[in-house]
Amino acid sequence: MIGIFDSGLGGLSVLAAIARALPQADLVYFADTAHVPYGDKDDAFIRARVLAIGGHLVERGCTLVVVACNTATAAAVAAFRAAFPAVPVVGVEPGVKPAAKASRNRHIAVLATVSTARSERLARLIREHADGVRVDVAACPGWATKVETLHLADPDFAAEVGRQLAPLLDAGADQIVLGCTHYAFLAPLLEPVVAGRAALVDVADAVARQCVRLAGPTAHGRGRLHLLASAQPERLQAALPALGLHWLTPRLAQPAARAHA
Ligand code: DGL
């Protein structure tokens, strides 16, 4: 079984890519909805949540764990690997490397949570993979919460998204990295704003390819999906159709359940 987790709904964008790439694998998705968002929390809090949820997933029998959250990866993937050395762990990091490679203007922008934006891990990623490329990092407080509440068509929020992107595009950024898994669900808002000027960069498919490489026998299950949430599991299940993931619903082995981690 592959365990995938996030603070809330964002990691469903990664889950979807993994479910497409590994249709027979059994998947369990944990949304830490009692503590979302992570992006405004401190590192010690995020680390404690990652260790608790990771432990829960390992106890349930997961043999591969995906931290489907840039914020949790930046703050705690090293601690997770140290605590569970026998379990392969795939983290999610902003697609700085592919964006820097693809940029014609040698100028990219990263949209991320406050926590990821200030993280040493992102600074290192930029140092290592964007040499000679201008990288603007834009913290986007509140965006993940808009996804959580499924307020995706709110015109005030659309205007805020436009205001955030305008200076980045005007300055010449031609690759906009979605540095938070929640932002994949904002693509319908972002695409018209960047159209003809920049490309959106999301790493969900790359993460799924890494899972294919590491899955081994875990790839061959019954294609079942378990949804777990630390609060309001019914909202997690209802989010599937709301986020265009209705095709995952028939895979559900049982209704989404509350889990204590
Ligand atoms: N989805 C998460 C990420 O990729 C975090 C969003 C949040 O909880 O603030 O960063």
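The structure under discussion appears in the preceding block.
Colleague: What is the right way to look at the environment of Ala199 in this model?
Modeller: Within the secondary structure, Ala199 sits in strand β8 (residues 199-201). Under the relative-accessibility criterion, Ala199 is labelled partly exposed at 34%. Taking the C-alpha atoms as reference, Ala199 lies 9.7 Å from Ile108; in sequence the two are 91 residues apart. When near neighbours in sequence (up to four residues on either side) are disregarded, Ala199 contacts Asp174, Gln175 and Ile176.

Colleague: Before we go on, may I ask you to explain the layout of surface pockets in this structure?
Modeller: It is the rolling of a water-molecule-sized probe over the atoms that shows where space remains empty. One number sums up the size of the largest pocket: a volume of about 580 Å³. In terms of lining, the largest pocket is formed by 26 residues, of which the most central are Glu93, Pro98, Val203, Ala206 and Val207. Elements represented by at least two residues in the lining of the largest pocket include exactly α3 (70-83), β4 (89-91), α4 (96-102), α6 (120-129) and α10 (204-215). Residue composition of the lining of the largest pocket, grouped by class: twelve nonpolar, five polar and nine charged. Approximately 160 Å³ is the volume found for the second largest pocket. Residue assignment for the lining of the second largest pocket shows that the elements contributing at least two residues are α3, α5 (114-117) and α6. Among the residues making up the lining of the second largest pocket, the classes are represented as five nonpolar, five polar and five charged.

Colleague: When you look at the pattern of salt bridges in this model, what are you seeing that I'm missing?
Modeller: Where side chains of opposite charge bring their charged atoms close, a pairing between them can arise. Taken as a whole and assessed by the stated rule, the structure comprises eight salt bridges. Glu120 serves as the salt-bridge partner of Arg127, at 3.0 Å between the closest nitrogen and oxygen. Since its relative accessible area comes to 52%, Arg127 is described here as exposed. By relative accessible area, which is 49% here, Glu120 ends up partly exposed. For the salt bridge of Arg134 with Asp136, the shortest nitrogen-to-oxygen distance reads 3.2 Å.

Colleague: Teacher, can you tell me more about the sheet that holds strand β5 (residues 107-112) here?
Modeller: Across a sheet, strands are paired by hydrogen bonds formed along the backbone, either parallel or antiparallel in direction. Pairing is parallel across the open sheet formed by four strands, whose spatial order is β6-β5-β7-β8. Two strands bound the open sheet, and with one partner strand each, they are β6 (134-139) and β8. With strand direction ignored, the average angle separating the axes of adjacent strands in the sheet is 25°. Pairing of strand β7 (residues 175-178) with β8, which is carried by three bridges, proceeds in the parallel orientation. Bridging across to β8, Gln175 finds its partner in Ala199. Along the sheet, helix α9 (residues 187-194) makes contact with β5, β7 and β8, crossing β8 at roughly 145°.

Colleague: Would you explain the site of the ligand in this entry?
Modeller: Near the ligand you find 13 residues, and of these Ser7, Tyr38, Gly39, Thr71 and His182 are the closest. Note that an oxygen atom of the ligand is positioned 2.6 Å from one of the side-chain N or O atoms of Ser7. Burial of the ligand by the protein chains amounts to 99% of its free accessible area of 300 Å². A molecule is said to occupy a pocket when more than half its atoms come within 2 Å of that pocket's grid points, and by this definition the ligand occupies the largest cavity. Here the residues of the shell around the ligand sort into five nonpolar, seven polar and one charged.

Rules behind the numbers
- Residues numbered from 1 in each chain as written.
- Predicted model: local features only at pLDDT ≥ 70, side-chain atom pairs only at ≥ 80, totals over all residues.
- Heavy atoms only, no water.
- Helix = DSSP H or I, 4+ residues; strand = E, 2+ residues; numbered from the N terminus.
- Buried < 20%, exposed > 50% of the residue type's maximum accessible area, 1.4 Å probe, protein only.
- Contact = heavy atoms within 4.5 Å.
- 1 Å grid on protein atoms, 1.4 Å probe; cavity = no way out; pocket = protein on both sides within 12 Å on 5 of 7 lines; lining within 4 Å.
- Points joined across faces, edges and corners; volume = space filled by probe spheres on them.
- Nonpolar A, V, L, I, M, F, W, Y, C, P; charged D, E, K, R; others polar.
- Salt bridge = Lys/Arg side-chain N within 4 Å of Asp/Glu carboxyl O.
- Pairing = 2+ DSSP bridges.
- Axes fitted to C-alpha atoms, helices over the stretch in contact; angles between N-to-C directions.
- Near = heavy atom within 4 Å.
- Polar contact = N/O pair within 3.5 Å; in protein donor to acceptor, adjacent residues only side chain to side chain.
- Areas by Shrake-Rupley, 256 points an atom, 1.4 Å probe, with all protein chains shown as cover.
- Sits in = over half its atoms within 2 Å of the grid points.

Worth remembering: the numbers are spatial, not functional.
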